[in-house]
Amino acid sequence: MNLIIFGPPGAGKGTQADFIVDKFNLYQLSTGEVLRNEIKNKTELGKEISSIINSGSLVSDDIVKKLVENYISNNKYKNRLIFDGYPRNLNQVQTLNELLTKYAQKIDLVLKLSVSLETITKRILERKTIEKRSDDSEELAVKRYKTYEKSTEPVIEYYKKLNLLKVIDGERTIDQINKEISDIITLI
Ligand code: AP5
Ligand code: MG
């Protein structure tokens, strides 16, 4: 099974993906985490993208395509991926569809965590004290939220039309959300 988890910045995508990975023996592909590792390791790519990430905008589709193809093409991950933070715009949806066809796979389930701007700002400011992510200021949280509304909400509509979408109330506790997601996956 391959699944996608959507939600605004700080919604709990990574938190829930960690849980799904353990429980269902899947692998997480957080494009944000992969990109942050490039910055941390001071690679050429990391130098190229750090100002984009720190402005709350999206990194170019071509860069992200290469990262994603590394995972989809790897047999170890075949039909066992949780896409966290990808695809983020309609162009990335098209690319993902092409890659899935190329490697004979499909998306089985799409989850969306619904969380208000007020809640995500609170969570992001709390996380900043622990993880020290450079894009975790109040101003950038709002900017990232706007990027999400403009670029990613049309993507969610696309999967809704394909009847793959389950919307989850992400305002509840981590455990309550875990339980709902787990029940949904078990039924797939
Ligand atoms: P990315 O890393 O994907 O960031 P994001 O979408 O902004 O989401 P976050 O990772 O901030 O939040 P999350 O939903 O994972 O929440 P978490 O579980 O940590 O992307 C970063 C940047 O990379 C982008 O802005 C862009 O520049 C670039 N990028 C990434 N993908 C790209 C792509 N496909 N194309 C182009 N560019 C791309 O939870 C947040 C906090 O809340 C944690 O502290 C957690 O403990 C807490 N928490 C979680 N759930 C709950 C709960 N239910 N109740 C209380 N607290 C909770
Ligand atoms: Mg995350």
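Residues numbered from 1 in each chain as written. Chains lettered and ligands numbered in written order. Predicted model: local features only at pLDDT ≥ 70, side-chain atom pairs only at ≥ 80, totals over all residues. Heavy atoms only, no water.

(A) Local environment of helix H4 (residues 61-72). Taking 1.5 Å per residue, 12 residues should reach 16 Å; H4 reaches 16 Å between its end C-alpha atoms and fits that length. Of the surrounding elements, those touching the buried residues of H4 are strand S2 (27-30), helix H2 (31-40), helix H3 (44-53), strand S3 (81-84) and helix H5 (90-102). (Helix = DSSP H or I, 4+ residues; strand = E, 2+ residues; numbered from the N terminus. Expected span 1.5 Å × (residues − 1). Contact = heavy atoms within 4.5 Å.)

(B) H3, seen in detail. Turning to H3, its buried residues number three or more, namely Gly-46, Ile-49 and Ile-53. Mapping the buried residues of H3 onto a view down its axis gives an arc of 85°, with all of them on the same face. Among the exposed residues of H3, those pointing more than 90 degrees away from its buried face are Glu-44, Lys-47, Glu-48 and Ser-51. Looking at the buried residues of H3, the elements they touch are H2 and H4. (Buried < 20%, exposed > 50% of the residue type's maximum accessible area, 1.4 Å probe, protein only. Arc of directions from axis to C-beta.)

(C) Layout of the site of ligand 1. Taken together, 30 residues surround ligand 1, and among them Thr-15, Ser-57, Arg-88, Arg-127 and Arg-144 come closest. Gly-12 places a main-chain nitrogen or oxygen 3.0 Å from an oxygen atom of ligand 1. Interatomic distance of 2.7 Å between a side-chain N/O atom of Arg-127 and an oxygen atom of ligand 1. For ligand 1, the accessible surface in isolation is 1,000 Å², of which the surrounding protein chains cover 88%. Contributions of two or more residues to the shell around ligand 1 are made by helix H1 (13-24), H2, helix H6 (117-131) and helix H8 (174-187). The element best represented in the shell around ligand 1 is H2, accounting for four residues. For the shell around ligand 1, a count of residues per class yields 11 nonpolar, 10 polar and nine charged. (Near = heavy atom within 4 Å. Polar contact = N/O pair within 3.5 Å; in protein donor to acceptor, adjacent residues only side chain to side chain. Areas by Shrake-Rupley, 256 points an atom, 1.4 Å probe, with all protein chains shown as cover. Nonpolar A, V, L, I, M, F, W, Y, C, P; charged D, E, K, R; others polar.)

(D) How the structure looks around the nonpolar core. Counting 29 residues, the largest nonpolar core has Ile-4, Val-68, Phe-83, Leu-96, Ile-107, Val-110 and Tyr-159 as its most contacted members. Only strand S1 (3-6), H2, H3, H4, S3, H5 and helix H7 (138-161) provide two or more residues apiece to this core. Per-element accounting of this core gives the leading share, five residues, to H4. Excluding residues that lie within four positions of it along the chain, Tyr-159 makes contacts with Ile-4, Phe-6, Pro-87, Val-93, Leu-96, Val-110, Leu-164 and Leu-165. In terms of nonpolar packing, the next biggest core, distinct from the first, is built from 19 residues, Phe-19, Ile-120, Tyr-145 and Ile-168 among them. (Core = buried A, V, L, I, M, F, W, Y, C linked by side-chain atoms within 4.5 Å.)

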